[in-house]
Structures are given as C-alpha cells and as structure tokens.
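Listed below are the residues making up each chain.
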Amino acid sequence: MSRSSTSEVLRAHCAAIAQEESVLREGGGKAGHERQRKMGRLPVRERVRHLLDKGSPFFEIELWAAYKMYEQWGKIPAAGVVAGIGNVEGVPCMIIANDATVKAGAFFPATAKKVIRAQRIAFECALPLIYLVDSAGVFLPMQDEIFPDEDDFGRIFRNNSVISAAGVPQFAAIMGNCVAGGAYLPVLCDKILMTQGSGLYLAGPSLVKAAIGQIVDAEELGGARMHSQISGTVDFFEKDDPSCLKRLRSLVALLPEAKSAADPGGHALSRTAKPAKNPDSVYDLISFDGRENYDARDLLATIVDENSLDEYKSDYGKTLVTAYARINGRPVGIVANQRVQVRTKKEGIQMGGVIYADSADKAARFVMDCNQTSLPIVFFQDVSGFMVGRDAEESGIIRSGAKLVNAVSNSVVPKITVIVGGSFGAGNYALCGKAYDPRFVIAWPNARYAVMGAAQASDTVFSILAKARERGDKKASPEELEELRAKVKQNYEEQTDIRYGAARGWVDAIIQPHETRDVLIQLLEHVSRPMPKAHFHTGVIQV
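Criteria and cut-off values
Residues numbered from 1 in each chain as written. Predicted model: local features only at pLDDT ≥ 70, side-chain atom pairs only at ≥ 80, totals over all residues. Heavy atoms only, no water. Helix = DSSP H or I, 4+ residues; strand = E, 2+ residues; numbered from the N terminus. Buried < 20%, exposed > 50% of the residue type's maximum accessible area, 1.4 Å probe, protein only. Contact = heavy atoms within 4.5 Å. Areas by Shrake-Rupley, 256 points an atom, 1.4 Å probe, with all protein chains shown as cover. Lys, Arg positive; Asp, Glu negative; His and termini not counted. Charge placed at Lys NZ, Arg CZ, Asp CG, Glu CD. Pairing = 2+ DSSP bridges. Right-handed = clockwise from strand over helix to strand, strands pointing away. Phe/Tyr/Trp six-rings, centres within 6.5 Å; stacked < 30°, edge-to-face > 60°. Lys NZ or Arg CZ within 6 Å of the ring centre and 35° of its normal. Arc of directions from axis to C-beta. Core = buried A, V, L, I, M, F, W, Y, C linked by side-chain atoms within 4.5 Å. Salt bridge = Lys/Arg side-chain N within 4 Å of Asp/Glu carboxyl O. Axes fitted to C-alpha atoms, helices over the stretch in contact; angles between N-to-C directions. Parallel < 35°, antiparallel > 145°, perpendicular 65-115°, else oblique. Left-handed = near helix turned anticlockwise from the far one by under 90°. Nonpolar A, V, L, I, M, F, W, Y, C, P; charged D, E, K, R; others polar.

> Is there a simple way to think about the overall build of the chain in this case?
A count of helical and extended segments in the chain gives 22 helices and 20 strands. Taking all 543 residues of the chain together, the buried fraction comes to 50%. For the chain, long-range pairs separated by at least 24 residues make up 72% of all intrachain contacts whose partners lie at least 6 apart in sequence. For the chain, the accessible surface area stands at approximately 26800 Å², while carbon and sulfur atoms represent 54% of it. The centroid of the 64 positive side-chain charges in the chain is displaced by 2 Å from the centroid of its 64 negative side-chain charges.

Right under this line is the structure:
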C-alpha cells in the first residue's frame, strides 16, 4: 500500500473516531435532552458551557469510559458523566457533571472509576472541583460491582473528605436528583447549591413508604426549600439552572487564584466599585440608644461593593447574616447580627440581635469555609447575647455556641471586628471580641460593651447589694433602695460607654459610621499582607 493510501486510511480512521466521539457527546440523544428541558433543566454539556469562561478550552477526560462494556443494559455514553478541566473566572477547575439523559445519571462501575480518576487528577494538581449533581445513584442491578470495593462508589466520598482536608476547594450544585449514598457527595463539599425542583435524600418517597410506612412527597422529604429553610443542609437555594451556574461562577471568583488570574501582579482590586447605598444613610438606619431594629443587609449595602453580596444559608439561622462579598474589589466573608425579628420554619419567631443555636451552627460552618478558601472575615457586632431559657437549652445552645467559639478561636485568616451597637456577653466572644485575636477592633461612637445590657445588669447588681443591706443591722428604706438602684444603673451605663472600653484598649479606634467602608478598605489592605515567617535564632549564649 502506498504512503498516500496509508495516509488516507489513517485520516479516515481518525475521522471515524471523531464522529464516534461526537455521538458519545450527545449522551442520551435528542429524546433525553428534550426530557431535561421539559423539567426546566439544561442538558449536561450546556451546563458545562454556561459554567466555563467564554472561549475557555475544555480538556475532557475519559470520554470513552464504559464504551461497549454494559451492552446488556444498553449504551452508556461516557459512563453517564462528563469530566474535564476548564477555566471558571480564570481559575482552572476540574468539573464532574452527571448526565441525566444516560440512565438518569445512575452510577455504573466505570462511572465510579471515572469520577475517582477525575478526583485524583484534581487532588494532585490542586485544582478546585465543581460537581454538577444530577444522578439517581447506584445502578441497582449491578450494585455488587459498584458498591463495596476500594475503587468503587464509597471511595468517592472518602476522596471528598481527604480533598477537603488538604484545602482543595470543592463546590457541589444539586441540579436534579441526588439520592441514597450519593447524597453524601455534596454534603462533604465546601459549598452546596440546589435548584428548585431537585431532590436530596438518603431514601426517596417510595423507599420511605416501604421502610417505615411514612407517606411523604419528594419536596417535603428532600426538596431545595426544605434543605435551605429547615435542615440547613443547603447553602444556596437557586430558582433554576442558569441562576445556579451564575452563582457558582461568583463563588469561584472569590478564590485567591481568581484574583491572581485576573491580574498576575495581584492588584485586581476595583478602583471604581461603590456601595449600593450612600454611606451617610447609616444614620437613618441605626438609633443612638440601639432600640431601633434594622435589617443587617441595609447596613451592609452601605459598606460592600454593589451587587457583590452572596448570602450563605440565607433562609437558615436567620438572626446572623453570613455572606461573601467584596469591599473595593477585595473578597471577604461577613458575619453580622440581624436586628429585625425573623420567622423560621422550624423555630418560629426569633428576636433580632440574639444568637440562637441554628444561627451559631451556621456561622461556625461559615467561618470554617472562609478558612478553607483563605477569605478574611469581617464581623459586625450588634449583639445582645445568646438565647436563654428552656427551649434554648433543649436546642443545644451551649453546644452550638461552643462550636462557634471554637471555630473563631482556631481561625487562621485575618479577622476584623466592627462594633456598630451592643457587644454583650458571650455574643462578644462568639463574634470575635478582643480575646479572639482580631487584627483590628473598631467601634462606632454609639457602641456599648459589657457582660450584659445595662437594664439586666443593673437589676442584678442592685438585687445583690439590696440583699446585702437587708442582712445588716439597719434595714434600708424604699427611698434608699431606689437611690441605690439609680446609682448602680448610672455606674453601669458609664462602663458600657465605648469610650470606657477604648480607654482600656478594648478597641483600637472609634470611627465615624459613614467612614466604615473607607476604614475597612484601608485595614483589609494591611491584613492581606503575608505574615512574617519566624525562624529560631539567638545571639551568643554562654553554656
């Protein structure tokens, strides 16, 4: 055969392979794509395209996985999962996306091995992982080949845990079904997004009915609203695929690599960014005596860059607002007291400015996540303390509070604390008071600082002193007791004045409320400098 003939044979073979690959990329074909669209969902490769930067190359791995391996069950193109590396906000990411058009995204043996391989590549190259989850779980007729071994289904979740411990970011977006053991994958990731109409449960409605006789619909059992409002499992509730993918991109943009990718010199800060509201409007928001309630989001709108706020678990633990945002282009995490009264699905009405168990749990998880992605944290304190009473104790308020204190104590990212109102009791501790190593503590002139509010404290101190007088030889008259009460209250109020705390070094500076954004821009510049690395050395020592 002549060289030209050989060349033509090779070209024809290569073209045939390319044609087969184009068929593999169609997944379950036109019918499957139409089924996805009828459910209001995008086909998997459209999801990937929406997620990636425009024009970003996508290095796909194991497109041929499961090729002609399970013909007794039909065709399983690409093992029912798309995996590969592409840029998201300038950051190279490993993307692993279930193809629900192929056997409802169920896992075959080759599917598990493909996902494990993608995880290994991501781990060894320190690539952030993004999982687009839309899977019916293990393909049950082959469960004996998928479930038990060290390179099978369970290894995926072990890898999730190891990758997380190594500090490699993992994002999971539930955009369809996420059932049985597969439900562990997103929950072992750093951030979880979930679209309306998706389902996350260890057992679906039919299995629940068979197992325990309970009749429950899919949304009530494991829908996005339930997990965002009641269980608190989901961090971001999204209405549909496009909004979910847009949110994913904004979260990846907070990673340190995104900043350096935007500007190799590391100066990707916005000089034109501005807040959504005029900083002067804080004076109409917050009262001098602290009695006026206000929405923490309105306060943040005067400080953070416009359209930069991504609120974390917004429907859960509502008396603390936790959010990712930017201040003059610099990514930060924010923990702020919510001062308006809120209503929750699980607990009912909760008072503003008070930390409840669900809020403490949420904030602890958020602080851990900021440490995972090296985000500085800004705490905005206007806190009365932790909730007290029988219901609070039964909810495990002490355990949840200790969890938050522990997370803040062990946090290694820069922390800045801004006291905009009250800073009372253990609330001061949990929200990074002076004892918890904030790089800076700043306060507004109206701030108050004490173990508890003046009214409660002065009543307690008064009752102690009054009982001491009653035990003496001379009984106090009602007039003398009233005079004592007034004196105790006056003394306590003097001590809660922020100038009293500033005099004793409890705060670094008292700032004007309308200057908060400008001050934070300056302080974030300082705290973002690398810390010096200490080396042990001495001068001459006689031994």
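> Would you mind showing me how to read the pairing of strand β4 (residues 129–135) here?
Two faces make up the sheet, and in a regular strand the side chains alternate between them. Here β4 lies mainly inside the structure; seven of its seven residues are buried. Because side chains alternate across β4, one face comprises the buried residues Leu129, Tyr131, Val133 and Ser135, and the other comprises Ile130, Leu132 and Asp134, equally buried. By the bridge criterion, four bridges tie strand β3 (residues 91–98) to β4 in an arrangement that is parallel. Each residue of the ladder has a partner; that of alanine 97, found in β4, is leucine 132. Between β3 and its parallel partner β4, the chain crosses via helix α4 (residues 109–125), and the hand of that crossover is right-handed. Relative to strand β5 (residues 170–179), β4 runs parallel, the two being bridged by six bridges. Bridge pairing in β5 links leucine 132 to alanine 173.

> Honestly, unusual backbone geometry in this entry has me stumped. Any pointers?
Keep in mind that most residues, glycine aside, have a negative phi and that most peptide bonds are trans. The phi torsion at alanine 126 lies on the positive side, around 55°, for a residue other than glycine. Among the structural elements, alanine 126 can be located in the loop between α4 and β4. In this model, lysine 313 sits at a positive phi of 50°, which is unusual for a non-glycine residue. With respect to the helices and strands, lysine 313 occurs in the loop between β9 (310–312) and β10 (320–327).

> Would you mind showing me how to read the packing of aromatic side chains here?
For any pair of aromatic rings, the description consists of the separation of the ring centres together with the inter-plane angle of the planes. Evaluated as defined, the whole model comprises 15 aromatic pairs. For the ring pair tyrosine 429 and tyrosine 436, a centre distance of 5.9 Å and an interplane angle of 40° mean the geometry is tilted. Residue tyrosine 436 is classed as buried on the basis of its relative accessible area, which comes to 17%. Among the aromatic residues, ring-to-ring pairing joins Tyr70, Trp73, Phe108 and Phe139 into one connected group. Note that arginine 504 overlies the ring of tyrosine 500, its terminal NZ or CZ placed 3.5 Å from the centroid.

> Please explain helix α6 (residues 153–165) as it appears in this structure.
An α-helical segment advances 3.6 residues per turn. Residues three or four places apart therefore align on the same side. Turning to α6, its buried residues are Phe153, Ile156, Phe157, Asn159, Asn160, Ile163 and Ser164. Projected onto a plane normal to the axis of α6, the buried residues spread over an arc of 155° and lie on a single side. The secondary structure elements touched by the buried residues of α6 are α4, β4, α5 (143–146), β5, α7 (184–187) and α15 (357–372). Note on α6: the residue one or two positions beyond its end, glycine 167, has a positive phi of about 85°.

> Before we go on, may I ask you to explain the nonpolar core in this structure?
Most often, soluble globular proteins keep nonpolar side chains buried together rather than apart. Core analysis: the largest hydrophobic core is formed by 53 residues, its most contacted members being Ile130, Leu132, Leu248 and Tyr324. Ranked by the residues each element gives to this core, the list is headed by α15, at seven residues. In this structure isoleucine 130 touches Leu51, Val88, Cys93, Met94, Ile95, Ile96, Phe171, Leu248 and Val252, once residues within four positions along its chain are discounted. Listed in part, the 45 residues of the second largest apolar core include Ala106, Phe107, Ile156 and Leu200.

> Before we go on, may I ask you to explain the environment of glycine 182 in this structure?
Locating glycine 182 in the fold gives a position in the loop between β5 and α7. The residues contacting glycine 182, other than those within four sequence positions of it, are Phe153 and Phe157.

> Even after reading the chapter, I still don't get the pattern of salt bridges, so can you show me in this structure?
If charged atoms from side chains of opposite charge come close, those side chains can pair. Inspection of every chain in the model, using the stated rule, returns 24 salt bridges. Residue arginine 45 is joined to glutamate 60 by a salt bridge in which the shortest nitrogen-to-oxygen separation is 2.8 Å. Here arginine 45, found in helix α3 (residues 44–51), pairs with glutamate 60, found in strand β1 (residues 59–60); they are 15 residues apart in sequence, far enough to count as distant. Residue arginine 249 is joined to aspartate 53 by a salt bridge in which the shortest nitrogen-to-oxygen separation is 2.8 Å.

> It is not clear to me how the packing of α3 against helix α11 (residues 241–252) should be interpreted in this structure. Could you clarify?
Any two packed helices are characterised by the angle at which their axes cross and by the distance between the axes. Contact geometry for α3 and α11: axes closest at 9 Å, N-to-C directions at 40°. One way to sum up the angle between α3 and α11 is to call them oblique. Regarding α3 and α11, the two cross each other, and that crossing is right-handed. Contacts between α3 and α11 involve Arg47, His50 and Leu51 from the former and Asp241, Leu245, Leu248 and Arg249 from the latter. In the contact of α3 with α11, the residues fall into three nonpolar, one polar and three charged.

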